[in-house]
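Chain residues, written in single-letter form:
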Amino acid sequence: MIYLDNSATTKVSEEVLEVMLPWLAENYGNPSSIYSLGRRARVAIENAREEIAASIGAHPAELIFTSGGTESDNTVLKSVLEESNLADTLVVGAIEHHAILNPAETLKSRGIKSHILPVDNEGRVPLENINPFNLQRTLISIMHANNETGVIQPIAEIRQATPDALLHTDAVQSFGKILVNVKELGVDFASFSAHKIHGPKGIGALYIRKGIDFKSHQQGGGQERNRRAGTEPVALIIGFQTAVRKAMAEMNFRTQHTTAIIEKIRILAAEKISQIRINTPLENVLPTILNISFTDAHRLDGEAILQSLDIQGVFASNGSACVSGSTQASHVLLAMGLPAAEAKAAVRFSVSKYTTMQEAEKAIEILADIIEGMRE
Ligand code: PLP
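Residues numbered from 1 in each chain as written. Predicted model: local features only at pLDDT ≥ 70, side-chain atom pairs only at ≥ 80, totals over all residues. Heavy atoms only, no water.

Visitor: I would appreciate a short explanation of the packing of helix α3 (residues 36–55) against helix α9 (residues 234–249) in the present structure.
Guide: Think of two packed helices as two axes; the pair is described by the angle between the axes and how far apart they sit. Contact geometry of α3 with α9 gives a least axis separation of 9 Å together with a crossing angle of 30°. For the element pair α3 / α9, the angle class is roughly parallel. Crossing of α3 against α9: the hand is left-handed. Contacts from Ala41, Ala44, Ile45, Asn47, Ala48, Glu51, Ile52 and Ser55 of α3 reach α9 at Val234, Ile237, Ile238, Phe240, Gln241, Val244, Arg245 and Met248. Classifying every residue of the contact of α3 with α9 gives 11 nonpolar, three polar and two charged. (Axes fitted to C-alpha atoms, helices over the stretch in contact; angles between N-to-C directions. Helix = DSSP H or I, 4+ residues; strand = E, 2+ residues; numbered from the N terminus. Parallel < 35°, antiparallel > 145°, perpendicular 65-115°, else oblique. Left-handed = near helix turned anticlockwise from the far one by under 90°. Contact = heavy atoms within 4.5 Å. Nonpolar A, V, L, I, M, F, W, Y, C, P; charged D, E, K, R; others polar.)

Visitor: Would you mind going over the layout of surface pockets with me for this structure?
Guide: Where empty space is left becomes clear once a probe the size of a water molecule has been rolled over the atoms. There is about 510 Å³ of room inside the largest pocket. Every residue lining the largest pocket is counted, 32 residues in all, and those nearest its centre are His97, His98, Asn147, Lys196 and Gly319. Broken down by secondary-structure element, the contributors of at least two residues to the lining of the largest pocket are α4 (69–83) and α5 (98–109). Ranked by residue count, the leading element in the lining of the largest pocket is α4, at three residues. One number sums up the size of the second largest pocket: a volume of about 250 Å³. Surrounding the second largest pocket, 14 residues form its lining, Thr259, Leu282, Val285, Leu286 and Pro287 being those nearest its centre. The greatest single-element share of the lining of the second largest pocket, amounting to four residues, is contributed by helix α10 (residues 251–272). Residues of the lining of the second largest pocket, tallied by class, amount to eight nonpolar, three polar and three charged. (1 Å grid on protein atoms, 1.4 Å probe; cavity = no way out; pocket = protein on both sides within 12 Å on 5 of 7 lines; lining within 4 Å. Points joined across faces, edges and corners; volume = space filled by probe spheres on them.)

Quick look at the structure:
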């Protein structure tokens, strides 16, 4: 098996697995309970909050735990525009994840003024696209790094250009791979997820800048200082903490390792496959993703490419959503100006610290054979 879909999810590391188990088997108390079994869980959660908050330059009180990136994204948009009533206009980037685009669509259908910001052909939001808007009582949501191409957005510059707006960034893909400091980025909100960095699925976090009068989107108990109701998943939070600790400690090593592999894939793909287009620019991108499309895509079948890779043990994706069995053209590549056929037959390779150079070389060999076979 050659797993090259680490932007979709990652293998949970041994250390994360190990550290979680006692919080399921023995220390299973409810962190809101006042007896010692509960208090033990509460202390562990607050330690985890402190460490994770420190890793993004935040105060622990500025971080709430959520079930992951999707919940964090939905919560910001819906709370700011509805429950908290902090804004009445929403501006989102064209290449956001559907965890932003779909709630934005829902809010629009409920009467919220909503705008989509176009991107340039590298997938970056040009600053001049933002300025024409009146940014009073406006929430802007622009992702830190894109999950299909790895492109990093100039969030700090966007912040400087929009001092009157509330600014959210979806940092699900960038967190743990490059430094994410919420104060340096200047954002008011940021979304995080554990399972992209060898942590467990179903746990993430939302940064809410101190001083913001944030009302819970999810209602129930008073957990998370009344900002997210629900019994905290202690084992997942402890796993998240360990995943973050390791990501921070190993960041330099991981970056060097994955950069070398991505560079190799870039070179080999260009060498062995004709008529390819590399949709991941060289600069200001994550060190883990390479997105490839084919300029003769009208002759190819994107789904068949991925299926053929699968049959030969290579797991990759095109990053685009699969709706009722048929692959849709990637909204990211379309927004970058690629023709529809090409946006439908792209291949995204995303690597991790576990990926080896040999695996990457083998995958490109297999892909080259598949494309050649289809062209014949
Ligand atoms: N945002 C981005 C950019 C993502 O890549 C993903 C996951 O693919 C999400 C949000 C959703 O995160 P989660 O799977 O933790 O709900």
